[in-house]
Amino acid sequence: MRVLALEIFRGICGDFGLMIKFFERYDAKKKAGGAGSSVFSDLMTAFNRLATEKPGVLGVGGAVLYGSSLAPFIPGHGAAGGASSASVIDSAMEMGIGLAQAAGSVVGSSVGAVAGGGVIPGLSISTSTLKLQCIDQLDKADAPPIPDTYVFLLALQCLASLSDGFATYTLSAYSSILSSRPRVPGETASRAPAALDWKTLDITSDPKAASLVTVKDMAETSWPALLASLSFFIATALDDDLFADVVSALQNFTSVCGVLGLETPREALLTSLCKFAVPPAVVSHIASQDIAAPAKGAAAVISAGVESLGLGPAAPLPVGLSSRNLACLKALLSVSQYLAGSLDSIWFTVFETLQNADFVIRTNAARSKKRSAPAVAPPTPGKSGSSVTTPLSPSVGSGTSPTQNKIPVIPTEADEMAIQAGIAKLFEVSRSLDDDAFKWFVGALCRLNGEMIGLTMSEDGTVLDNLPSSALPSPLEGPSRRRPSGMSALKTRLDEKSFGVSKLGVVSLLNVHRLIYRDSSVGWDIVTSHLLHVQHYVTAPSAIRLQAADVLDQILVVAPRNLSTGGEELQRRVQTQVLVALSAQAEPSQRQQSSTDIEIRRMSFDTLIKILESNGHSFIAGWERIFHVLRTACPSPLAQAPPSPVPDSSHALDTIEEDETGNSLRPAATSYFGSEKTSRAPVLVRTSFPSLQLICTDFLGALNVDELRDCIGTLAEFGKQTDDVNVALTAGGLLWSVSDHLQAKRKDGENDVAHSELWMFLLHQLLILCQDPRQEARDGAISTVFRSIHLYGGTLSKATWDACMWEIIFPLLDSLSNTISAHNKDNPTPTPEDLVVQVNGPPIRLLDKQWDDSKTLALKSMGNVFYDYLPKIVKTSRYEETWSAFIGHLKKSFIEDRPVAATAAMQSFEKVLGVSLDGAEASRITSSWEVAWTAWDEIGHSVVALSHPPSRATAKTLTQVNLEAYVRVIIPIYTPPYISFDLSRIHRLLAVLKAVITFARSPDYRPDIDTLTPLQAAVLEVVAAIKLEVPGAASAVLSDLSEYLTLAFIAAFDSEGETSIKSKPKATQRVSYIALAKEVMPHVLWLFARYKDDISVYEQGAVERMFAAYALPLKLKHDCPAPSKFGSDELLWKTATVNFLKAVKAAVSSLKQLELPAATLEGIWRQIVDGYRGALTADSSHHGESFSTEELHEEENFDLALLISLERDVLPHIGSASVPDDLIRRLSKCLQTASRLYELDLPNLTSNGADALFDSDFDRQARGQMFGTTAEVIEVGRERFGYWCFDLLFLLCSDVEKDEELARRRIAALCLPSLLNRCTAIIRTYVADAPLRGKMPFPRVRQEELIYVLQKLLHCRLREGTLWASAETNPSSSVSSIPPLDTSLPLPKLIRSALLRSPIAHLYELHPLFTALLSLSTTSPSITSAYIPYRRVANGGQSDEVTFKGLAEGFPVGKIGRPGDGEEEGDVVQLTLACLGLVGLEIGAGSSEV
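K.L.:
Teacher, can you tell me more about the overall build of the chain here?
P.N.:
Each helix and strand in the chain was counted, giving 58 helices and 10 strands. Among the 1490 residues that make up the chain, the fraction classed as buried is 55%. Restricting the contact set of the chain to residue pairs at least 6 apart, pairs at least 24 apart contribute 80%. Of the roughly 61,000 Å² of accessible surface on the chain, 55% is carried by carbon and sulfur atoms.

K.L.:
Where do I start with the pairing of strand S6 (residues 841-845) in this structure?
P.N.:
The side chains of a regular strand alternate, residue by residue, between the two faces of the sheet. In terms of residue burial, S6 counts as a mostly covered element, since 5 of its 5 residues are buried. In this antiparallel pair of consecutive strands, strand S5 (residues 835-838) and S6, the connection spans 2 residues.

K.L.:
Mind showing me how you'd approach the nonpolar core here?
P.N.:
Within soluble globular proteins, side chains that are nonpolar tend to cluster in buried spots. Counting 419 residues, the largest nonpolar core has Phe233, Ile973, Tyr1044 and Leu1203 as the members making the most contacts within it. Per element, the largest residue contribution to this core is 17 residues, and it comes from helix H9 (residues 150-180). Discounting residues that sit within four places of it in the chain, Phe233 has contacts with Ala51, Leu58, Leu123, Phe152, Ala155, Leu156, Leu159, Leu238 and Val246.

K.L.:
I would appreciate a short explanation of the packing of helix H28 (residues 705-720) against helix H30 (residues 752-769) in the present structure.
P.N.:
The description of two helices packed together rests on the angle between their axes and the distance between the axes. Where H28 contacts H30, the two axes come as close as 9 Å, and the packing angle between them is 10 degrees. What the angle tells us is that H28 and H30 run roughly parallel. Between H28 and H30, the contacting residues are Val705, Leu708, Arg709, Ile712, Gly713, Ala716, Gly719 and Lys720 on the first element and Ala754, His755, Leu758, Phe761, Leu762, Gln765, Ile768 and Leu769 on the second. Taken together, the residues of the contact of H28 with H30 sort by class into 10 nonpolar, 4 polar and 2 charged.

K.L.:
Any chance you could explain the packing of aromatic side chains here in plain terms?
P.N.:
Given two aromatic rings, their pairing is described by the distance between the two centres and the angle made by the two planes. A full pass over the atoms with the stated rule returns 42 aromatic pairs. Note on Trp801 and Tyr869: the rings are 5.2 Å apart at their centroids and 45 degrees apart in plane angle, and the pair reads as tilted. Of this pair, Trp801 sits in helix H32 (residues 798-826) while Tyr869 sits in helix H33 (residues 846-873), and the two are 68 residues apart along the sequence. Of the two residues, Trp801 and Tyr869, neither departs from the other in class, the shared state being buried. Ring geometry for Tyr1283 and Tyr1348: centres 4.9 Å apart, planes at 65 degrees, overall edge-to-face. Pair noted here: Tyr1283 is in helix H49 (residues 1279-1293) and Tyr1348 is in helix H51 (residues 1340-1355), with a separation of 65 residues, a long-range link. Of the two residues, Tyr1283 and Tyr1348, both sit in the buried class. An aromatic cluster of at least three residues, connected via ring pairs, comprises Phe16, Phe23, Phe40, Phe166, Tyr169 and Phe253. The aromatic ring of Trp1133 is capped on one face by Lys1117, whose charged end is 4.9 Å from the ring centroid. Its guanidinium or amino end placed over the ring of Phe1281, Arg1278 lies 4.5 Å from that ring's centre, counting from NZ or CZ.

K.L.:
Mind showing me how you'd approach unusual backbone geometry here?
P.N.:
Comment: phi is negative for the bulk of residues other than glycine, and the bulk of peptide bonds are trans. In this model, Asp344 sits at a positive phi of 50 degrees, which is unusual for a non-glycine residue. Relative to the helices and strands, Asp344 is located in the loop between helix H15 (323-338) and helix H16 (347-367). With relative accessibility at 24%, the residue Asp344 sits in the partly exposed group.

K.L.:
How should the pattern of salt bridges be read in this particular structure?
P.N.:
Taken as a whole, this structure holds 56 salt bridges when the rule is applied. Of the charged contacts, one joins Asp848 and Arg898 as a salt bridge, the two residues approaching to 3.8 Å between their closest N and O atoms. Here Asp848 is found in helix H33, whereas its partner Arg898 is found in the loop between helix H34 (879-896) and helix H35 (899-913), with 50 residues between them in sequence. Across this residue pair, the class does not change: Asp848 and Arg898 are buried. A salt bridge links Asp1221 to Arg1306, with the nearest nitrogen and oxygen atoms 2.5 Å apart. Of this pair, Asp1221 sits in helix H47 (residues 1221-1234) while Arg1306 sits in helix H50 (residues 1301-1333), and the two are 85 residues apart along the sequence.

K.L.:
So what exactly am I meant to see when it comes to helix H29 (residues 725-747) here?
P.N.:
Because the α-helix completes a turn every 3.6 residues, residues three or four places apart line up on one side. With 23 residues, H29 ought to run about 33 Å at 1.5 Å a step, and its terminal C-alpha atoms sit 34 Å apart, in line with that. Its side-chain oxygen placed 2.9 Å from the backbone nitrogen of Asn726, Asp724 serves as the N-cap of H29.

K.L.:
Help me out: how do you make sense of the packing of helix H56 (residues 1407-1415) against helix H58 (residues 1468-1483) in this one?
P.N.:
Here H56 crosses H58 at 145 degrees, and the two axes come no closer than 10 Å. The handedness of the crossing between H56 and H58 comes out as left-handed. Facing H56, whose interface residues are His1407, Phe1410, Thr1411, Leu1413 and Leu1414, H58 presents Val1468, Val1469, Thr1472, Leu1473, Cys1475, Leu1476 and Val1479. Residue composition of the contact of H56 with H58, by class: 9 nonpolar, 3 polar and no charged.

K.L.:
Sorry, what's going on with the environment of Ser323 here?
P.N.:
Mapped onto the elements, Ser323 comes out in helix H15. Spatially, the C-alpha atom of Ser323 lies 8.1 Å from that of Gly67, the residues being 256 residues apart in sequence. Leaving out residues up to four positions away in the same chain, Ser323 has contacts with Ile407, Pro408, Val409, Ile410 and Pro411.

K.L.:
Sorry, what's going on with the state of the cysteines here?
P.N.:
A covalent bond bridging the sulfur atoms of two cysteines is what the word disulfide describes. Counted by the stated rule, this structure contains 0 disulfides. Cys158 takes part in no disulfide bond, and the closest cysteine sulfur to it belongs to Cys13, at a distance of 4.4 Å. There is no disulfide at Cys1293, and the cysteine sulfur nearest it, in Cys1311, is 5.4 Å away.

K.L.:
Help me out: how do you make sense of the confidence of the model for the chain in this one?
P.N.:
Close reading of the predicted structure is inappropriate where its pLDDT is low. Residue-level pLDDT values for the chain average 80, and 81% of them are 70 or greater. Note that residues 290-302 has pLDDT below 50 and, in this model, 9 contacts with residues that lie over four places away or in other chains. A low-confidence stretch, residues 1247-1251 (pLDDT under 50), is modelled with 4 contacts involving residues beyond four sequence positions or located in other chains.

K.L.:
Please explain a nonpolar patch on the surface as it appears in this structure.
P.N.:
On the surface, Ile8, Ile135 and Leu138 cluster together to form a nonpolar patch covering roughly 260 Å² of accessible area. By secondary structure assignment, the location of Ile8 is in helix H1 (residues 2-13).

K.L.:
What's the story with the environment of Gly443 in this structure? I'm lost.
P.N.:
As for its position among the elements, Gly443 is in helix H18 (residues 435-453). In this structure, the C-alpha to C-alpha distance between Gly443 and Asp460, residues 17 residues apart in sequence, is 5.1 Å. For Gly443, the residues in contact, after removing those within four places along its chain, are Asp460, Gly461 and Ile526.

K.L.:
Explanation requested: the environment of Ser1376 in the structure shown.
P.N.:
If you trace the backbone, Ser1376 turns up in helix H53 (residues 1371-1376). Considering only alpha carbons, one finds Ser1376 and Ala1303, 73 residues apart in sequence, at a separation of 8.7 Å.

K.L.:
I would appreciate a short explanation of the side chain of Asn511 in the present structure.
P.N.:
Mapped onto the fold, Asn511 is located in the loop between helix H19 (499-510) and helix H20 (512-517). What makes Asn511 buried here is its relative accessible area of 4%. Separated by 2.8 Å, the side chain of Asn511 and the backbone oxygen of Val507 make a polar contact. Contacts of Asn511, omitting those with residues within four sequence positions, involve Ser430, Arg431 and Phe438.

K.L.:
Please clarify how H19 should be interpreted in this entry.
P.N.:
Here H19 is 12 residues long and its end C-alpha atoms lie 16 Å apart, about the 16 Å a rise of 1.5 Å per residue gives. Among all positions of H19, only Phe499, Gly500, Val501, Lys503, Leu504, Gly505, Val507 and Ser508 are buried. If you follow the buried residues of H19, they end up packed against H16, helix H17 (413-428), H18, H20, helix H21 (524-536) and helix H22 (542-561). Residue Ser498 occupies the N-cap position of H19, its side-chain oxygen lying 3.3 Å from the main-chain nitrogen of Gly500.

Reading guide: rules and limits
- Residues numbered from 1 in each chain as written.
- Predicted model: local features only at pLDDT ≥ 70, side-chain atom pairs only at ≥ 80, totals over all residues.
- Heavy atoms only, no water.
- Helix = DSSP H or I, 4+ residues; strand = E, 2+ residues; numbered from the N terminus.
- Buried < 20%, exposed > 50% of the residue type's maximum accessible area, 1.4 Å probe, protein only.
- Contact = heavy atoms within 4.5 Å.
- Areas by Shrake-Rupley, 256 points an atom, 1.4 Å probe, with all protein chains shown as cover.
- Pairing = 2+ DSSP bridges.
- Core = buried A, V, L, I, M, F, W, Y, C linked by side-chain atoms within 4.5 Å.
- Axes fitted to C-alpha atoms, helices over the stretch in contact; angles between N-to-C directions.
- Parallel < 35°, antiparallel > 145°, perpendicular 65-115°, else oblique.
- Nonpolar A, V, L, I, M, F, W, Y, C, P; charged D, E, K, R; others polar.
- Phe/Tyr/Trp six-rings, centres within 6.5 Å; stacked < 30°, edge-to-face > 60°.
- Lys NZ or Arg CZ within 6 Å of the ring centre and 35° of its normal.
- Salt bridge = Lys/Arg side-chain N within 4 Å of Asp/Glu carboxyl O.
- Expected span 1.5 Å × (residues − 1).
- Polar contact = N/O pair within 3.5 Å; in protein donor to acceptor, adjacent residues only side chain to side chain.
- Left-handed = near helix turned anticlockwise from the far one by under 90°.
- Disulfide = S-S within 2.5 Å.
- pLDDT = per-residue confidence, 0-100.
- Patch = residues over 30% accessible without salt bridge, like charges linked within 9 Å, V, L, I, M, F, W, Y side chains within 5 Å.

Next comes the structure, spelled out in structure tokens:
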């Protein structure tokens, strides 16, 4: 009877209109409270009970519950283990299958069926149906055999027919209502309409609407039973056709509930469909399964036990989704797409299922890229199923007989790709959703992703803030956890990307117009805020955080591009939204920064440059946020931390560190920027800076004043960052571009005051960069500062100039000086390895050199600014202070800084002083030059102080380059007529110059033999520029130049070798001053000749210093340094000699005309005599061997100029009464000494002649005891010059010259003792040596000397009374007035007094020597030998036209140097007799004949 009843009900259920009438007639009345019965409701309950009556007969649908494995999972196949039988049954209970009550029958029937060879449990059309239904066989006597499962087949078909009826009736009516609904103008038909709004339906006038109310009530009444029955059937062993019918029925009824607005049934049905599409056990198993092959052993035993119980094979197939799971998934996709407009919160469950399906498919595909042939399920009748792609899928009719084709259990790759395509297509429906539905759609995706990573999410997809600590997930949580929906939510692997984030990006890009044109609450806020939360959520895997950043960046790039229409307000809003989101992404969190954080921020900067490149030209708002975003790449240490989007909880997420993979490691100390290398990573700087470059090159014109200020500040931050020096340098260059833009704006008259203030702000920012520890960045900033001021200085106002000086330039120099000073104090003495070479200075540390270079650049640049704009600066109100500060910085730099900077300071000083100024500011200019002179003088004091420091180690180094630059500064100070230089200032100037030129502690001396050093040339240039018209100036200059002349002879030195970088001392450099001496010698003579009539040069001692200076090389003679190294310059002593003699000639002629103090005259004559004395007595003996005879003759000829000068220039004037007697005697003594022709070869001769046995002094030889010797003689090598000196000595005493009689008489009286002693010494030594020598002849030189003396004595005639006067106490006064003879004297004395007044008194005085000499003629016949004098041979004869090769021009030969009269006689005896004869004649002792 049940079968007949069910066959009848199958027919009734196929007529849905009849079922509606049943419901209206019975159930509806009862529901309304009237009389009636619940026929429809009871029928559905009966169907449900019948379906689940014998679960063991229907078996278990393994392809649905276990996926492709078709069996329970064996424990131990993963970290979480597999599913047991109990867990499978428990799962079925949750799905409403009700298998718990039949667990025993399942096991028993399965075992019995297998053991007895019975039928395998299951439901199939081929095995469960009758060829002819029973109701058609009532005419037969015997009941036909009815399969046990026939009733279950009838129940399934009844339920499927009802479901199809619901769908056919409801969905057609729903479509008609939608098509007839009036539309707003411009509205298009929605492909995803919402559910029926019962409040707007007119059920009284619209029969369809009224009938849909009945259908709604029927669905509300039947859905629990229908859901339970279909859920049970889908989980049993159905063949393919029946499974397709059940899936179709479930899909159709879900669609019906959805369009009718039945939320609870819809959600229950969708949840059931989701579970069948992606079984939770499959997801959990794959998520926890190891990559390695599953273990064997105990697991295999359990698998065999399961197989023996009839629960299926021992899972030989891989775990994954089966073809039936994919069929359910297709149905889910179809329903979701059809009901997209009304799913609301249930979207979360759908997306969760799709995420799990995607995970399973991708995981299995990755593990096995190429499958073998599809596995076939155990023998189960069925047919090839078709995809369910429409909301209305008809069931298979009851009388059909399908074929036995088998659908593979494991889906093919094409099936999986179709599913992936269906999933992708589902998200395209988002474009058809209205705003409310769209919010639910994206909210579900946000919630899905948030819960996957552990965020506590609300139903609408927002993150719940201020949660207790228990609400936050533990980082140690297992790989999977149960969701309230029953699905197993994945805890994504560290390298796994998020399905939710990925699809959120897809949906956002599909609906970009909705995001930007609609209110931000529709989608923009929830999408961007969620992606930002994910990025900053530290417990989330790094891959997901980076994925969220990438998705957000794609949205932010696309959004401005799609803003094609809309007013300014819309553009402003959208641009602001984009930049707010980008700013939040780029902002560093208040915690230690990980590599993931850095990468997220880097991506934000990449996004910014893309936005600017494509839409920067259209930005009308948000520039301040752009600059804020850029500044986050290189934040200032004083910046305040931004608000963190991470939920504030007791877990303190901002204090959790991450490793490189994003794993939480340990709490870290709260730090805004974290470590230097993480928070300010170079990659952020390099990635963000191109955006700033683009703005500064293309978009400056779009910025207002405030935005330009932000731009300048941002450039300054990039200039200060230390991660990338190239970026810092480029940032400094871009500041120059901004400066140029500001000045252009100011010139155009656009808000001149504001742009001027902004330009000063830019300079202040550059000033900060000028303290950068990196030289490249520092120097770039310094150059930009001064280039900006220099380029636009002509347009700056006076106030701006003042600000530039006192706020920029001077503070810049102060900061550089302070830094250099701090480095000098804080750093220890460097090792040689730390040193680098300088061009003109000692090695220094590299750091010091870099800072010196920077200050050098600043000083030179400041000098250029003052040079070009001093005429404008001089007109400012604070000019005096500005100038003093400027000069003060230069002075301080020279005194305190190292050489390079000091040189730059002086070069700037010199350059600025050379500027041409307007005479209208005469008073200010005068005061300025006074300040400059004072500073120069103070620097000079420091140079003098450094000349002899207490410690070489602590002394400041001044190079020659320093000093040259310093010296050259005085020229523009002194030359212009702005200030006056009196004699005191000139003296001070010369004193400083002398200290500079003699500075002996420089490390960079240059060779100064052939050419002047630059410093020496500069000093002479300054000296030449001194105005000699100032009284006393010429004397001061002459004195100093004379001192310069002596430096080559008394101040030459070897510079101290500096330690090189290899710790080896450098070769010392000889500082000779030779070139200086050669340059100065003629200049001194020229200067004296020009001012020889100026009494001040005499009174102030300049002439004395001049002669003393010239006398020094004359005395040194061959000991003077070589005049050149590579050339053939004249010897220094020769140059000095010529200039000395010319100076003497000029001086003696002026002395007679000037009324000078006696002391001055005496001093001058003393220096003259000392000069001659030094020149005449200079030692040349040790140089004779290196000279040839010709060279010796030339030198003698040159020295003849000394005697010519004495003869011509000195003798006529030295006899003046103002010249002391001792000077004249000294001159005669000098000539006496210079006339020496030989030395005795006595090795034991001591230097003290008084104690020596053989004294070399002629005066002592003439008066002391004489001892003879046979020692050989050593000729002096300058025999002719000796005779010339002897000649001059005779000339001094003779009466040859007739002019200046009184002066010459005085000279003769004072010089005669030297002459007579010289002659006496010659004769006495001869007489003493002759007896000892016997017949051995005397050396030629001695013989010639004797003959010469006898000849000169014979022909010499003294001035009357001079010999007598020389014997008096005061010869000078005595010779001037010779008294008459005193006849009262005794006769001998009277005769002697008379004879001493005679012209031949010298012969009388030497009479005893003549007689002694004559007595030798009998014992020493050699004295009678005659010789041709050597001097006559050397002179080339007795011609009057004598030429002397080597004699300087301007010195014509007088009496000295020419052959004398009477030199033809060479016999000693005859000459002696002649002399005695003259004496006899004088005393009247006989005739005049000899």
